[in-house]
Amino acid sequence: MPTPGAPTPPQGSRDDPGLRRTILRLAVPAFLTLIAEPLFLLADSAIIGHLGTVELAGLGVASAVLTTAAGLFVFLAYGTTALVARALGAATLREAVGAGLDGVWLAGVLGLASALIVGVGAETLAAAFGPSPPVLAAATTYLRISALGLPAMLLTMATTGILRGLQDTRTPLIATTVAATANVALNVGLVYGVGLGIAGSAWGTVIAQTGLAAALLTVVARAGHRLRAPLRPHPRRVARAAADGFPLLVRTLALRGVLLASTWAAASLGDVPLAAYQVSATVWTFLTFALDALAIAAQALVGRALGAGDVAGARDLTAVMTRWGLWFGVALGVLLTAAHTALPPMFTPDPDVRAALAAALLVVALCQPISGIAFVLDGVLIGAGDARWLAGAQTVLLLGYAPLAVAIVRSADRLTAAGDPVAVVVLWGAFVAFMALRAAILRVRARTDAWMVTGAR
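Here is what the cut-offs are and how they apply
- Residues numbered from 1 in each chain as written.
- Predicted model: local features only at pLDDT ≥ 70, side-chain atom pairs only at ≥ 80, totals over all residues.
- Heavy atoms only, no water.
- Salt bridge = Lys/Arg side-chain N within 4 Å of Asp/Glu carboxyl O.
- Helix = DSSP H or I, 4+ residues; strand = E, 2+ residues; numbered from the N terminus.
- Buried < 20%, exposed > 50% of the residue type's maximum accessible area, 1.4 Å probe, protein only.
- Expected span 1.5 Å × (residues − 1).
- Core = buried A, V, L, I, M, F, W, Y, C linked by side-chain atoms within 4.5 Å.
- Contact = heavy atoms within 4.5 Å.
- Lys, Arg positive; Asp, Glu negative; His and termini not counted.
- 1 Å grid on protein atoms, 1.4 Å probe; cavity = no way out; pocket = protein on both sides within 12 Å on 5 of 7 lines; lining within 4 Å.
- Points joined across faces, edges and corners; volume = space filled by probe spheres on them.
- Nonpolar A, V, L, I, M, F, W, Y, C, P; charged D, E, K, R; others polar.

So, the pattern of salt bridges
For the coordinates displayed, the defined rule picks out five salt bridges. Between Asp 378 and Arg 251 there is a salt bridge; the shortest N-O distance is 2.3 Å. Residue Asp 378 is found in helix H15 (residues 351–383), and its partner Arg 251 is found in helix H11 (residues 235–268); the two are separated by 127 residues along the sequence. In this structure Arg 251 comes out as buried when scored by relative accessible area, which is 5%. One salt bridge in this structure joins Arg 315 and Asp 449, with 2.6 Å as the shortest N-O distance. Of this pair, Arg 315 sits in helix H13 (residues 311–339) while Asp 449 sits in the segment after helix H18 (420–446), and the two are 134 residues apart along the sequence. One continuous salt-bridge network, built from bridges that share partners, spans Arg 251, Asp 378 and Arg 438.

Observations regarding helix H7 (residues 133–146)
In this model H7 runs 20 Å from its N-terminal to its C-terminal C-alpha over 14 residues, within 8% of the 20 Å that 1.5 Å per residue would give. Considered for burial, the residues of H7 that qualify are Val 135, Leu 136, Ala 138, Ala 139, Thr 140, Tyr 142, Leu 143, Ile 145 and Ser 146.

Observations regarding the nonpolar core
By size, the foremost hydrophobic cluster in this structure holds 144 residues, and its most contacted members are Leu 76, Trp 284, Val 302, Trp 428 and Phe 431. If you tally residues by element for this core, the top one is helix H12 (residues 271–307), at 22 residues. Residue contacts for Val 302: discarding those within four places in its chain leaves Ala 297, Ala 314, Leu 317, Thr 318, Met 321, Val 380, Ala 384 and Trp 451.

Description of the side chain of Arg 164
Mapped onto the secondary structure, Arg 164 falls in helix H8 (residues 150–165). Buried and unpaired, Arg 164 has Asp 292 as its nearest opposite-charge partner, separated by 6.5 Å. Sequence-distant contacts of Arg 164, defined by excluding residues within four places in its chain, comprise Leu 34, Ala 77, Tyr 78, Thr 81, Thr 169, Ile 296 and Ala 300.

Regarding helix H4 (residues 75–89)
Taking 1.5 Å of rise per residue, the 15 residues of H4 would be expected to cover 21 Å, and the 20 Å separating its terminal C-alpha atoms lies within 8% of that figure. Among the 15 residues in H4, 13 count as buried, and that is most of the element.

A short note on empty space enclosed by the protein
As enumerated under the stated definition, the model contains three cavities of 30 Å³ or more in all. Considered as a void within the structure, the second largest cavity measures approximately 60 Å³ in volume. Every element with two or more residues in the lining of the second largest cavity is listed here: helix H16 (387–410) and H18. When residues of the lining of the second largest cavity are assigned to their parent elements, the largest contribution, four residues, is made by H16. For the lining of the second largest cavity, the residue count by class is five nonpolar, one polar and three charged.

Overview of the environment of Leu 34
Within the secondary structure layout, Leu 34 lies in helix H1 (residues 17–36). Classification of Leu 34 by relative accessible area gives buried; the value is 5%. Measuring from C-alpha to C-alpha, the distance between Leu 34 and Asn 183 comes to 15 Å, with 149 residues separating the pair along the chain. The residues contacting Leu 34, other than those within four sequence positions of it, are Arg 164, Phe 289, Asp 292, Ala 293 and Ile 296.

Read these as geometric descriptors, not functional statements.
This is the structure in structure tokens:
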């Protein structure tokens, strides 16, 4: 963990080796941490997929609800990272860590509320996607158990945000790697060893998530004690943390709306396309977290640069990381294209699902360079505190995507008649169009000076 008053990020041209080293120092551990996180879902998908197509489709519905319930509060990580990073640049670290700890208390409250809502309303939430009765039963079982892990998921977000803002991405890497490994072992043992089926996978994930949150909470609490930051909750400060995070909440709600609309459209196409979409969406999430490593570095470094008043440094960081995001996306796209026929057998024995999944993965591969640009620029603007603009832009994008999802649902019979691979490709094609427009809008914003606000916020 860095020492208060540490030097500001390297300055200079966009080709400065010091700048590249600083980015890599944060991005590489963040990359490994972020790809470990979706291994929870990848492990579930691989293990549950061999139980049957119904169970895999049920996981698709349940995952959409769970990732939405947790993802709505991603501001607990993103907002805290930017706040702490700015304060680090402005040399007001004690106050920043105190504000981050207020976010931890907020995460606990929101996590308990989310767990109650999802656990009690599991069947109603799953039924909203219109799955078949067997799929609904599987999704409900998984949701009711997995809801218990929501408090841990939100606490992990908040504590990770503090550590990233302090330029510490190694601690989350170690903790998340251990938790992901434990998750795989627990799931295999509970699903097949104990014979709990899809319920065993849910229990294994909850146990691993709880252990991860406990470990990160211990690290952050010790840091707060060392800096003499206030550890006890203060209602006014916690309420302020909630208010500060509201624009990012709106931005995330709109983004999750796009993902939910895609799952809703996939459910209308039948069990096979839904199962194929579940796995391809999980692969897309895995790649998203990989690309998001640069976005995490952008949040921390751009926030710190602007906190120190270094506008030129923020510009250089943005240029370097955007270029890296593009080429990293190209590399991931090439790798996925090469593996698009090898991956499906790892997730399902159903030949129909395999064929639809292989086709979907090709479209996901084509989306990666676009995603690389979009995620990096999103991270830059979050790090700069440009949350209000992001909220408005993402809401507009949701309104533009909704008619595409509706059109797919209305054309479900014709699409499935054309074949399951065609149906899934059309669905993913609509999503790629959304991502392309998102990247274009973010690029236009990043070229302006409106988000260049300096000093601690």
